[in-house]
Structures are given as structure tokens and as C-alpha cells.
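Take a look at the letters that make up each chain.
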Amino acid sequence: MREEVLRLAEDLFSEAVDRRRDIHRFPETGWTEFRTASWCAAALAAAGWSVRTGQTVCDPAARMGVPAASDLEAAWQAALTAGGEPPWMEPMRGGFTGVVATMRGFKPGPTVALRFDMDAVDVSEEQDPDRHRPAREGFASRRHGLMHACGHDAHTAIGVAVGQLLSRFKDRLRGTVHILLQPAEEGTRGAESMVAAGVLDGVDYFLSPHVGAQSHVTGEVIPGITGFLATVKMDAWFTGQEAHAGLAPEQGQNALLGAAQAALGLHAIARHSAGNSRVNVGVLRAGSGRNVIPGQAYLKLELRGENTAVTDYLERQARQVLAGAAAMWGLGHSVARTGAAPSAGSDLALMDRV
């Protein structure tokens, strides 16, 4: 059987490479993976899998960091124009881009979930053919400011290929296999919605790959991961009052200074004795002109901890810092939790099997 699996994998290899390169040309960010997800759903259904998508596999209430409705609709239309599969895209409308494909074997056995993420990131891809192979061979991103810089195009193509391969063994398969195609992995936004929808209920074994996560050596396989930090992603808005900086500065409420105060305070949060932690303010945007007291400011930050207890502590402290900075400068403020994931480590026995 091992030789048969290897032969079938070789047969599927070129198709998988072509699929990966096509996905690379048309990157889609979190909750907008309409083209990618619909293609995968169609391919797995054609291979004999029972496929579900839309709100049956993404709980609307548990989604985090969802783009504006207008942006979702624009992305849906763009995916349709770029060759998405309309019958599969329709239930995904509004950003419900998760896909679950299920195959039940001929005899009872364990339930295995294989999870693959699909989303791209907000990065501009190199377009110089002398410096970049995708540009040289014609599969670089065609969408300015977006690219698959984290390998999810490869993950998605691998997931579909694994589904095509396993379908050849349905008459020998014991138990149940779920292939999970997850949206919005970047920012840790998408998994919670699928878990809340029940897609992992009854799963005995869970496997998820990532190319190049810990190794940069081609051909090396690392069977698991340890020390994976828990994380919380947050966005914060500060609202003040604009005023002329020269004529009436006393009439303003400076949102930029409040946000800057918050950024310094966030990085000064005392560390926790229960484990390592990280704090990072990655974005601070504010103001409209050099002679205007800034009336609006925006922060994007992330917290990471060795365990969930540490991130819970960091989040409480961060919210206090943000509220305190707003109060100090007389500002209104709001905070949104835009992503979160607990700490995780691979099961040692399963690592041995891998």
C-alpha cells in the first residue's frame, strides 16, 4: 500500500503544483477567500467527498476581525470575475469561507481531522523576474499589496491533493476523515468560528501542516511543535477633538498623544511569573495635518504568552492601559478583540506516529 500511495502522490504532483501557483496568482486575505475556497470545495466534491461550507461551518457570532460588509462584497465580486465557482461561492457570501469535506470509511474507526489554512497577507510581492522565481515563471501575485508570503497557497493545494489521494482508498478506509480548509488564520481570527460551529466535535486526531515553520531545509519533516505561544490581537481607537494647533490649541483633545501614551504604557506592562510574554504595538495611525490637533488615532497590537493565564493577564492590563491613556488626555476610546488563540503543543505519541 505504501508504494501505491507514493505512486498516486507522484501522479497528483503536477496538478497540485499548478493549483498552488494559480492560488498564488490570486491571493485572498482572511474572510475573503471566495475563489480559493470555492475551487477547493468543487475539487473535493468531484473527488467524492461530502462538502459543507458557509454558515454551517463558520459560526457568525464567533468570527473575529471581519472586514466591512462593502469590502466583503467587493471581494466576492472580484472572486467571481477571477473564475470562482458560483454554486459554492453563494453560501460563502458575507465572509463565510470555511470548507469541511468529510469521507466515511467502509468500517468503523477513529475520526481524523486534517486542517489547512487558505488566506494570504497584506504584503506586496517582488515583480522583478531577475530576483524572484514566481515573477520569472509567471505566477507572482496579480493583486497589488497582497501575496501568499506565509505558504498558505501550498497548504491549500496539499490539502486538496491529500483529499484526491484518500478518495482512491475509500473502500479500505477505516473511520472518518475531515479535511478542514480554514479562513483567516492570519491574526488568529478564523479557527474559533469553525470550532464554535462544531467541526471538531468527535475528532480523535488532529493534524495540521505548515511549510517552513521551523525548518528551512528542503525535504526535512518536523513532526510537531512545542512552546507555541497563546495570543490575543486587539485594535483600539481614540477619539478626541480637532483644533487649530496655532490659533486654538487649548480647544483640542489630542488623540495622537493619547495613543502614544498608550503605546508606551503597553510596552511597560510588568511581566508575569507564570511564563514568557510578548507585547507589540505594530501600528499607530493618527492625525490629518501638521497644523491640526489630531482628533482620531488608531492602534493595532498583539499580546503573546507562554500559556493562556499569561495572555489573560496581559489583556486585562492592556485594557487598563488603554482606558487610562484615554482618560489622561480626555479622549473617548473603544477596543476590539480581533483575534485570539490558546497555547498549544503537539501530542508526543502522535509526533512519534508522524
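Residues numbered from 1 in each chain as written. Predicted model: local features only at pLDDT ≥ 70, side-chain atom pairs only at ≥ 80, totals over all residues. Heavy atoms only, no water.

1. Comments concerning the overall build of the protein chain
Operational definition: Secondary structure elements are defined from DSSP: runs of H or I of at least 4 residues count as helices, runs of E of at least 2 residues count as strands, and each element is numbered from the N terminus. Only protein chains enter the accessibility calculation, which uses a 1.4 Å probe; a residue is then buried when its area is under 20% of its type maximum, exposed when over 50%, and partly exposed in between. Throughout, a contact is declared for two residues whenever any of their heavy atoms are within 4.5 Å. For the accessible areas, the method is Shrake-Rupley and the probe is 1.4 Å, while residue cover comes only from the protein chains on display.
Counting its secondary structure elements, the protein chain contains ten helices and eleven strands. By principal-axis analysis of the C-alpha atoms, the protein chain measures approximately 80 × 45 × 40 Å. When the 354 residues of the protein chain are sorted by exposure, 44% land in the buried category. For the protein chain, long-range pairs separated by at least 24 residues make up 81% of all intrachain contacts whose partners lie at least 6 apart in sequence. For the protein chain, the exposed surface amounts to about 17700 Å²; the carbon and sulfur share of it is 53%.

2. Digging into the sheet that holds strand 5 (residues 205–207)
This is how the line gets drawn: Note on pairing: DSSP must find at least two bridges between two strands before they are called paired. In this description, a line fitted to the C-alpha atoms serves as the axis of each element, helices being fitted only across the stretch in contact, and the angle between N-to-C directions of two axes falls anywhere from 0 to 180 degrees.
Here five strands make up an open sheet; going across it, the order is 1-2-4-3-5 and the pairing mixed. Every other strand in the sheet has two partners, leaving strand 1 (50–53) and strand 5 as the edge strands with one partner each. The mean inter-strand angle of the sheet, taken between neighbouring strand axes irrespective of direction, is 20°. Bridge count between strand 3 (residues 107–117) and strand 4 (residues 174–182): eight bridges; the pairing is parallel. Its bridge partner lying in strand 4, Thr111 is registered against Thr176. Across the face of the sheet, helix 6 (residues 152–167) comes into contact with strand 2 (99–104), strand 3 and strand 4 while running at roughly 155° to strand 3.

3. Some words on the packing of helix 8 (residues 255–267) against helix 9 (residues 308–328)
Here is the rule: Orientation labels follow simple angle bins: below 35 degrees gives roughly parallel, above 145 gives roughly antiparallel, 65 to 115 gives roughly perpendicular, and whatever is left gives oblique. What makes a crossing left-handed is the near helix being turned counterclockwise from the far one by less than a right angle; a clockwise turn instead makes it right-handed. When residues are sorted by character, Ala, Val, Leu, Ile, Met, Phe, Trp, Tyr, Cys and Pro go into the nonpolar class, Asp, Glu, Lys and Arg into the charged class, and all the rest, Gly among them, into the polar class.
As a packed pair, helix 8 and helix 9 sit with axes 8 Å apart at the nearest point and diverge in direction by 150°. Compared by their axis directions, helix 8 and helix 9 come out roughly antiparallel. Viewed along their axes, helix 8 and helix 9 form a crossing whose handedness is right-handed. Along the contact surface, helix 8 presents Gly258, Gln261, Ala262, Gly265 and Leu266, while helix 9 presents Ala318, Val321, Leu322, Ala325 and Met328. Residues of the contact of helix 8 with helix 9, tallied by class, amount to seven nonpolar, three polar and no charged.

4. Here we look at unusual backbone geometry
Even without being a glycine, Trp31 presents a positive backbone phi close to 70°. Here Trp31 is to be found in the loop between helix 1 (2–25) and helix 2 (34–46). Residue classification places Trp31 among the buried residues on the basis of a relative accessible area of 0%. The phi torsion at Ala184 lies on the positive side, around 50°, for a residue other than glycine. Owing to a relative accessible area of 0%, Ala184 belongs among the buried residues under this scheme.

5. What to know about the environment of Gln296
By secondary structure assignment, the location of Gln296 is in strand 10 (residues 296–305). Under the relative-accessibility criterion, Gln296 is labelled partly exposed at 46%. Considering only alpha carbons, one finds Gln296 and Trp237, 59 residues apart in sequence, at a separation of 7.4 Å. Not counting residues within four places of it along the chain, the set of residues in contact with Gln296 comprises Phe238, Thr239, Ala255, Arg285, Ala286 and Gly287.

6. Quick notes on the pattern of salt bridges
Applied cut-off: Salt bridges are defined as contacts in which a side-chain nitrogen from Lys or Arg sits within 4 Å of a carboxyl oxygen from Asp or Glu.
As enumerated under the stated definition, the model contains 16 salt bridges in all. Between Arg131 and Glu126 there is a salt bridge; the shortest N-O distance is 3.7 Å. Residue Arg131 is classed as exposed on the basis of its relative accessible area, which comes to 65%. For Glu126, a relative accessible area of 30% corresponds to the partly exposed category. Across the pair Arg133 and Glu137 runs a salt bridge whose closest N-O atoms are separated by 3.0 Å. Taken together, the residues span about one helical turn, with Arg133 and Glu137 both in helix 5 (residues 133–137) at a distance of four residues. For Arg133, a relative accessible area of 47% gives the class partly exposed. By sharing partners, the salt bridges in this structure join Arg21, Arg133 and Glu137 into a single network.

So far we have only geometry, and geometry alone does not tell us how the molecule works.
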